[in-house]
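A structural walkthrough
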Amino acid sequence: MERTFIMVKPDGVQRGLVGEIISRFEKRGFKLVGLKLMQISRELAETHYGEHKGKPFFEGLVNFITSGPVVAMVWEGKEVIATAREMMGATNPLKAQPGTIRGTYGIDVGRNVIHGSDSPESAQREIALFFKEEELLSYDKTLDTWIYE
Ligand code: IDP
């Protein structure tokens, strides 16, 4: 089973979309294994978005992601990394398919509501950045036999 890092960004928290976003992952059948409301420090933001350092939008991105509480989560399930990216939609919400999270709730690329890891490597890196080992739980859900064959 894969795990991925998902974060409701400050715009999603302010707009009251936390429940809606969690609900989409729950209803799809994925399992929540870690969850916290937190305010990201500048240092964590710069590490998390390190690959974008030097780009024109980097400063604005760091300012935005540290501007208010976020909800950091780890979701588990079969092919959850790629599937979460599909559920989120394209980075630019105006290009995201209708029905996706960004395609339903977003307009601007700098206010795109949600973050999700884009590969197994970034999932591993981001989970370790945001969560301690003991904050992630392994447990069985009886419903799993109705979700997986
Ligand atoms: P992703 O979030 O879909 O993985 P990335 O290319 O990794 O997309 O970019 C990280 C975040 O940086 C995006 O979610 C978006 O909020 C922001 N971003 C990316 N490109 C731009 C841009 O051109 N202008 C403003 N913000 C951007």
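Read on for a plain summary of the structure. (Residues numbered from 1 in each chain as written. Predicted model: local features only at pLDDT ≥ 70, side-chain atom pairs only at ≥ 80, totals over all residues. Heavy atoms only, no water.)

Quick notes on the site of the ligand
The immediate surroundings of the ligand are formed by Lys-9, Tyr-49, His-52, Phe-57, Leu-61, Arg-85, Thr-91, Arg-102, Val-109 and Asn-112. Residue Arg-85 places a side-chain N or O atom 2.8 Å away from an oxygen atom belonging to the ligand. In this structure, Val-109 approaches the ligand through a main-chain N or O atom, which is 3.0 Å from an oxygen atom. Against a free-state accessible area of 520 Å², the protein chains account for coverage of 75% of the ligand. Judged by its atoms lying within 2 Å of the grid points, the ligand is housed in the largest pocket. Along the lines of polarity and charge, the residues of the shell around the ligand split into 4 nonpolar, 3 polar and 3 charged. (Near = heavy atom within 4 Å. Polar contact = N/O pair within 3.5 Å; in protein donor to acceptor, adjacent residues only side chain to side chain. Areas by Shrake-Rupley, 256 points an atom, 1.4 Å probe, with all protein chains shown as cover. 1 Å grid on protein atoms, 1.4 Å probe; cavity = no way out; pocket = protein on both sides within 12 Å on 5 of 7 lines; lining within 4 Å. Sits in = over half its atoms within 2 Å of the grid points. Nonpolar A, V, L, I, M, F, W, Y, C, P; charged D, E, K, R; others polar.)

Section: a nonpolar patch on the surface
The grouping of Leu-143, Trp-146 and Ile-147 at the surface amounts to a nonpolar patch, some 380 Å² of accessible area in total. By the element assignment, Leu-143 lies in the loop between helix H7 (120-130) and helix H8 (144-147). (Patch = residues over 30% accessible without salt bridge, like charges linked within 9 Å, V, L, I, M, F, W, Y side chains within 5 Å. Salt bridge = Lys/Arg side-chain N within 4 Å of Asp/Glu carboxyl O. Helix = DSSP H or I, 4+ residues; strand = E, 2+ residues; numbered from the N terminus.)

Some thoughts on the nonpolar core
Core analysis: the biggest nonpolar cluster contains 20 residues, and Phe-5, Met-7, Met-38, Ile-40, Ile-65, Phe-130 and Phe-131 have the highest contact counts within it. Residue assignment for this core shows that the elements contributing at least two residues are strand S1 (2-8), strand S2 (31-38), helix H3 (42-48), helix H4 (58-65), strand S3 (70-77) and H7. With 5 residues, H4 is the largest single contributor of residues to this core. Leave out the neighbours within four places in its chain, and Met-38 touches Leu-44, Gly-68, Pro-69, Val-70, Ala-72 and Phe-130. If you look at the next biggest cluster of nonpolar residues, it comprises 19 residues, including Ile-22, Val-71, Val-80 and Ala-123. (Core = buried A, V, L, I, M, F, W, Y, C linked by side-chain atoms within 4.5 Å. Buried < 20%, exposed > 50% of the residue type's maximum accessible area, 1.4 Å probe, protein only. Contact = heavy atoms within 4.5 Å.)

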